[in-house]
Amino acid sequence: MIKVELIKNDVNQEISISGHAMFGEHGTDIVCAATSMLVFTIANQILKIDKNFKVTIEENDITFINDQNNEEINLLIATMITGFDMLVEEYGEYINFSK
C-alpha cells in the first residue's frame with residue numbers, strides 16, 4: 001500500500017509518500033504510475049521555482065517540506081493534495097492518505 005502523510009504545524013507543511021500500491025504486477029501498476037507521475041511532476045515544477053526547496057527522494061520514500069510562503073509553490077502542493085484525494089477516492093484499498 002502507498003502511504004501518504006500530511007503534517008502541518010505553525011512553521012511548515014510536510015508531505016511524505018512511501019510504499020507500493022501492489023495494484024498490479026511490476027510495470028503494470030497504474031496506481032503506482034499515477035502516484036509517481038503526480039509526485040515527480042510536482043517536485044520538478046517546484047524545483048524550477050525554487051531550487052533550494054526541501055524535497056528528499058530516496059528509494060520508495062519521497063518527502064516534501066514546505067516552510068515557505070510562496071503562492072506558486074503552495075498552489076502546486078494543493079494540486080498534489082487534490083491528486084492524492086482523487087487517487088484515494090478511486091483506489092482507496094491501495095493508497096492511504098492521512099491528514
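Anything mentioned here points back to the structure above.
These notes cover the structure that comes with them. (Residues numbered from 1 in each chain as written. Predicted model: local features only at pLDDT ≥ 70, side-chain atom pairs only at ≥ 80, totals over all residues. Heavy atoms only, no water.)

**What to know about helix α1 (residues 30–49)**
Because each turn of an α-helix spans 3.6 residues, side chains separated by three or four positions end up pointing in the same direction. Over its 20 residues, α1 extends 29 Å from the first C-alpha to the last, a length consistent with the 28 Å expected when each residue adds 1.5 Å. When α1 is considered as a whole, its buried residues turn out to be Val31, Cys32, Thr35, Leu38, Val39, Ile42, Ala43 and Ile46. The arc that holds the buried residues of α1, viewed along the axis, is 135 degrees, so those residues lie on one side. Among the exposed residues of α1, those pointing more than 90 degrees away from its buried face are Met37 and Lys48. Looking at the packing, one finds that the buried side of α1 touches β1 (2–8), β2 (13–19), β3 (54–58), β4 (61–66), α2 (71–91) and β5 (95–98). One side-chain oxygen of the residue at the start of α1 lies 3.1 Å from the amide nitrogen of Val31, identifying that residue as Asp29. (Helix = DSSP H or I, 4+ residues; strand = E, 2+ residues; numbered from the N terminus. Expected span 1.5 Å × (residues − 1). Buried < 20%, exposed > 50% of the residue type's maximum accessible area, 1.4 Å probe, protein only. Arc of directions from axis to C-beta. Contact = heavy atoms within 4.5 Å. Polar contact = N/O pair within 3.5 Å; in protein donor to acceptor, adjacent residues only side chain to side chain.)

**A look at the environment of Thr79**
By secondary structure assignment, the location of Thr79 is in helix α2. It is 19 Å that separates the C-alpha atoms of Thr79 and Thr56, two residues lying 23 residues apart in sequence.

**Structural notes on the side chain of Gln13**
Along the chain, Gln13 falls in strand β2. Once residues lying within four places of it in the same chain are set aside, the contact partners of Gln13 are Leu6, Ile7, Lys8, Phe64, Ile65, Asn66, Ile77 and Ile81.

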